[in-house]
Amino acid sequence: MSEIHLELVLGRRVFGRDGRAVGRLEEVRAERDGDECVVTDWLIGPAALLERWAAPILGILGRSGRSYAAAWDQLDWSDPRRPRLTCGVEELRTMRGPRWKQKTGQAPPKEQPERRHEREEQQRKKEKGGK
Amino acid sequence: MHLVRDVLDKQLLGNDEERMGKVDGIVLSLRDGRPPRVAFLETGASVLARRVSRRLAEAIEALERRWGIRQGPMRIPWERVRTTGTDVGVDVDARNSSAFAWERFLRERVVEKIPGAKE
């Protein structure tokens, strides 16, 4: 068991399995589980920074890069100075800012990313069952 | 809950709503096959200095040890955290904790030595 200091790894570049930078770690989602507080997601990229500032409206000021929510087990902390993804970037959940609405003309889903992830998994299971 | 937005750099309030500094650091404990958990909140000058420079933090810690102020930064186990948000309420007796180590040191070593300071 090892420790990481959140304030020191904040803003660090997160690298993919191919060694390319994915974005910077900007926020960490956690939830209380009894007496414990456990990490659920690592938020990477500019949209995560806006979520940290609680100011998603600022997203309309400029085009932001891709932002992701990585599940707790999708980051490898064996080297805290260089966190790496344990999966491909395409497997991460994408965080969508206000610009997404402008591009698609649709409202973003109201559900939380983790709920969306569950729904996608259920759909996949259904498809597998149907075949 | 967002750890950076709702906890880091927020005001720490002790048992009696006494202000006892800010949350300067959050220690996450990594566990095999289980999600990381928040182990401690840290507060103190050396924790804040560590963000700027590790050497500066070590210098402050060495000074605090040498002058007998405290042994390292104050760590508050997550189990003692009552509330988060605007302020972080913790189940700690602020006055008797090491959060007030510098205040105690200055009162005993400096202020009380000023002529007329003692009643």
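Notes on the structure follow. (Residues numbered from 1 in each chain as written. Chains lettered and ligands numbered in written order. Predicted model: local features only at pLDDT ≥ 70, side-chain atom pairs only at ≥ 80, totals over all residues. Heavy atoms only, no water.)

Right, let's get into the overall build of chain B. The helix and strand inventory of chain B stands at four helices and seven strands. Going from N to C terminus, chain B has its helices and strands arranged as α-β-β-β-β-α-α-β-β-β-α. Across chain B, contacts joining residues at least 24 apart in sequence account for 50% of those joining residues at least 6 apart. A distance of 4 Å separates the average location of the 23 positive side-chain charges in chain B from that of its 19 negative side-chain charges. (Helix = DSSP H or I, 4+ residues; strand = E, 2+ residues; numbered from the N terminus. Contact = heavy atoms within 4.5 Å. Lys, Arg positive; Asp, Glu negative; His and termini not counted. Charge placed at Lys NZ, Arg CZ, Asp CG, Glu CD.)

Time to look at unusual backbone geometry. Generally, phi is negative for residues other than glycine and the peptide bonds are trans, each holding for most cases. Residue and element names in this part refer to chain B. Even without a glycine there, the phi angle at Asp9 is positive, about 70°. Relative to the helices and strands, Asp9 is located in the loop between α1 (3–6) and β1 (11–13). With phi around 60°, Glu17 is a residue other than glycine that occupies positive phi space. Among the structural elements, Glu17 can be located in the loop between β1 and β2 (19–22).

Another point: the sheet that holds strand β6 (residues 81–83) of chain B. Residue and element names in this part refer to chain B. Within the open sheet, the four strands sit side by side as β2-β1-β7-β6. Their pairing is mixed. Two strands bound the open sheet, and with one partner strand each, they are β2 and β6. Across the sheet, the mean angle separating the axes of adjacent strands is 35° when strand polarity is ignored. Across two bridges, the pairing between β6 and strand β7 (residues 87–90) is antiparallel. If you follow Val81 over to β7, its bridge partner there is Val90. (Pairing = 2+ DSSP bridges. Axes fitted to C-alpha atoms, helices over the stretch in contact; angles between N-to-C directions.)

Bringing the interface of chain A and chain B into the picture now. Counting from both sides, the interface comprises 27 residues of chain A and, opposite them, 33 residues of chain B. When chain A packs against chain B, the two sides together hide about 2700 Å² of surface, and 61% of this comes from carbon and sulfur. When the buried area of chain A at its contact with chain B is split by residue, Glu7, Arg32 and Cys37 of chain A rank highest and sum to 22% of it. Counting the contacts that link chain A with chain B gives 15 residue pairs in polar contact (both at pLDDT 80 or more). For the side of chain A that touches chain B, the elements supplying multiple residues, two or more each, are β1 (2–5), α1 (6–9), β3 (21–33), β4 (36–44) and α2 (46–52) of chain A. Residues of the side of chain A that touches chain B, tallied by class, amount to 15 nonpolar, two polar and 10 charged. (Buried area = accessible area lost by both parts, 1.4 Å probe. Polar contact = N/O pair within 3.5 Å; in protein donor to acceptor, adjacent residues only side chain to side chain. Nonpolar A, V, L, I, M, F, W, Y, C, P; charged D, E, K, R; others polar.)

Moving on to a negative patch on the surface. Residues and elements named next belong to chain B. Taken together, the side chains of Asp16, Glu17, Asp87 and Asp93 present a region of like negative charge at the surface. Mapped onto the elements, Asp93 comes out in the loop between β7 and α4 (101–109). On the accessibility criterion, Asp93 (37% relative accessible area) is partly exposed. (Patch = residues over 30% accessible without salt bridge, like charges linked within 9 Å, V, L, I, M, F, W, Y side chains within 5 Å. Areas by Shrake-Rupley, 256 points an atom, 1.4 Å probe, with all protein chains shown as cover. Salt bridge = Lys/Arg side-chain N within 4 Å of Asp/Glu carboxyl O. Buried < 20%, exposed > 50% of the residue type's maximum accessible area, 1.4 Å probe, protein only.)

The next point concerns the pairing of strand β5 (residues 74–77) of chain B. All names here are of chain B. Residues Met74 and Ile76 line the buried face of β5, whereas the alternating positions Arg75 and Pro77 sit on a face that is not buried. One ladder, built from four bridges, connects strand β4 (residues 34–43) with β5; its direction is antiparallel. The residue bridging Leu41 from the neighbouring strand is Ile76, located in β5.

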